[in-house]
Amino acid sequence: MGTAAENTARPPDDDGVPPHRALLDAGWSTAWTPPRLREGVTGAERIKDLAAGGYAALPIPEELGGAGANLAETAAAQRTLGRLDPSAAVALNMHAFTVGLMVDYFGRHRDTTWMLLEGIARSGALVASAFAEPGGSPNFMTSRSEAVRTEKGYRVSGVKYPCSLATTATLVCLTARVTGTDETILALIPSSSPGLDSEGEWPSLGMRESDTARLVLRDVEVDDRLVFHRGPADVIDENVTSGMAWFSVLLTATYHGVLSGLLDTAYHGVNVSRRFGPRTALLGRATRELLTLGGACRQLAADIDNGALDGAAAMAAAVGLRATLSDTRDRVVSLLTPVVGSRLYGRGQQAAGLALDSLAAHHHPPSLLVCDEVVGSFGTGREITFDPAD
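In this convention, every chain numbers its residues from 1, walking through the sequence in written order. This being a predicted model, a pLDDT of at least 70 is required before a residue's local features are given, and a value of 80 or more before pairs of side-chain atoms are given or counted; all residues contribute to the totals for chains, interfaces and linings. Water and hydrogen atoms play no part in the side-chain values, which are based on all heavy atoms of the structure.

1. What about helix α3 (residues 71-84)?
Here's step 1: Put simply, DSSP marks the helices as runs of H or I at least four residues long and the strands as runs of E at least two long, and each gets a number from the N terminus on. Multiply 1.5 Å by the residue count of a helix minus one, and that product is the helix's expected span. Here α3 contains 14 residues, and its C-alpha end-to-end distance of 20 Å stays within 8% of the 20 Å for a straight helix at 1.5 Å per residue.
Here's step 2: Each residue gets one of three labels from its accessible area relative to the maximum for its type: buried under 20%, exposed over 50%, partly exposed in between, using a 1.4 Å probe on protein chains only. Those residues of α3 lying buried are Leu 71, Thr 74, Ala 75, Ala 76, Ala 77, Gln 78, Arg 79, Leu 81 and Gly 82.
Here's step 3: Residue contacts are counted whenever heavy atoms from the two residues lie within 4.5 Å of one another. Those residues of α3 that are buried are in contact with α1 (19-25), α2 (43-52), α4 (86-109), α6 (238-273) and α7 (278-305).
Here's step 4: We define a polar contact as two N or O atoms separated by no more than 3.5 Å, with the added condition that, inside protein, one atom must be a possible hydrogen donor and the other a possible acceptor, whereas residues neighbouring each other in sequence contribute only through side-chain atom pairs. In this structure Asn 70 caps α3, since a side-chain oxygen of it lies 3.2 Å from the backbone nitrogen of Ala 72.

2. So, α7
Here's step 1: Compared with an ideal rise of 1.5 Å per residue, which puts 28 residues at 40 Å, α7 spans 41 Å between its outermost C-alpha atoms and is within 8% of the ideal.
Here's step 2: Of the residues flanking the end of α7, it is Gly 307, one or two places downstream, whose phi is positive at about 80°.

3. Things to note about the UniProt feature "domain: Acyl-CoA dehydrogenase/oxidase N-terminal" (unreviewed entry) in the protein chain
Here's step 1: As recorded in UniProt, the feature "domain: Acyl-CoA dehydrogenase/oxidase N-terminal" (unreviewed entry) lies at residues 40-108.
Here's step 2: The annotated region residues 40-108 carries 68% helix and 0% strand content, and the separation between its end C-alpha atoms amounts to 43 Å. UniProt positions are given in the numbering used here, feature names are shortened, and annotations may be inferred rather than shown by experiment.

4. Some words on the pattern of salt bridges
Here's step 1: Note on definitions: salt bridges are taken to be side-chain nitrogens of Lys or Arg within 4 Å of carboxyl oxygens of Asp or Glu. Enumeration according to the criterion identifies 21 salt bridges in this entry.
Here's step 2: Arg 108 is the partner of Glu 238 in a salt bridge, and the nearest nitrogen-oxygen pair spans 2.8 Å. Highlighted residues: Glu 238 in helix α6 and Arg 108 in helix α4, separated in sequence by 130 residues.
Here's step 3: By relative accessible area, which is 46% here, Glu 238 ends up partly exposed.
Here's step 4: Take Arg 108: its relative accessible area is 30%, and that puts it in the partly exposed class.
Here's step 5: For the salt bridge of Arg 122 with Glu 118, the shortest nitrogen-to-oxygen distance reads 3.7 Å. Remark: Glu 118 and Arg 122 occur in helix α5 (residues 113-123); sequence separation between them is four residues, near one turn of the helix.
Here's step 6: Exposure remark for Arg 122: the relative accessible area of 69% places this residue in the exposed category.
Here's step 7: Overall, the relative accessible area of 18% leaves Glu 118 in the buried class.
Here's step 8: Connected through shared salt-bridge partners, Arg 21, Arg 83 and Asp 264 make up one network.

Next comes the structure, spelled out in structure tokens:
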């Protein structure tokens, strides 16, 4: 048995980073650091400040005026932001995912999408992802919004909810099914478009400052030049696969940051109180869980960036990571509950807020059952589908 001196906490490294943080941070890119924010700004204003600090153009190629960050580097930025500001991170995750999808699409097709990306980079515009719809759907690819063909494009009607960046976004990326066909369009429209309105708030338990609300489209005119993808409804093509890869990696990185922040508070409390004992093992197990999740997230990002994974294999890996995020979240919070104690339940407590915010990891699509069904279908050689009925 060691002496009292030997059992005290190891001090932070020379740069002031606690040992557990140095371990969890290893391997993550440091290409982006958050800008200094104005004091006292909250909610939508804080999100705007982050966008103005270069975040809006992070994944856009340098040739189009962006920072040229790949998926792994964008994920690292999301993780940093998730630890510092969960609400802003979840909101901006949707922007980063949508822009990343557009960047990948442009890289494959070298089409006029470059004009949209260049416009986003030059103006620092935020893009809201209007994919989710009220009531949810077993098949998250199914859109109830309708697009009617017109002479100049489409006229779209429907409801998108919940939608982050509802009032701060300059542009809205939306999906809609073309009436009378089996085609779905993916389009980018100005948030100021006549007939497009933001209504109400998202009555969530956490993430109260993510600027999430309901978007209602009433005969919104969509110029054909702003439609950057058309494809058969409910078909998993390379665009859907790319989108799921970007979404799963960025989502996992975001909540890895949120959970890392919760772990920070747990380590701090134990080190200050000097009450180690079994708490040390619980902290170690929680750290191990996040170390493994972070490694899986970085590996998938690297595999997507270098082309080692694509097609159905990339889809299976992406939804597998998304499901693992939920599993890891629950294990980490369970391990830290006896360490943090009553601070997890106290109003105004940082630990309580982080635990509540991390619960939103379960909210995002696809559902866990669908994720496991996809991985199992891939493993048995069956066609992948997001519809459990199939």
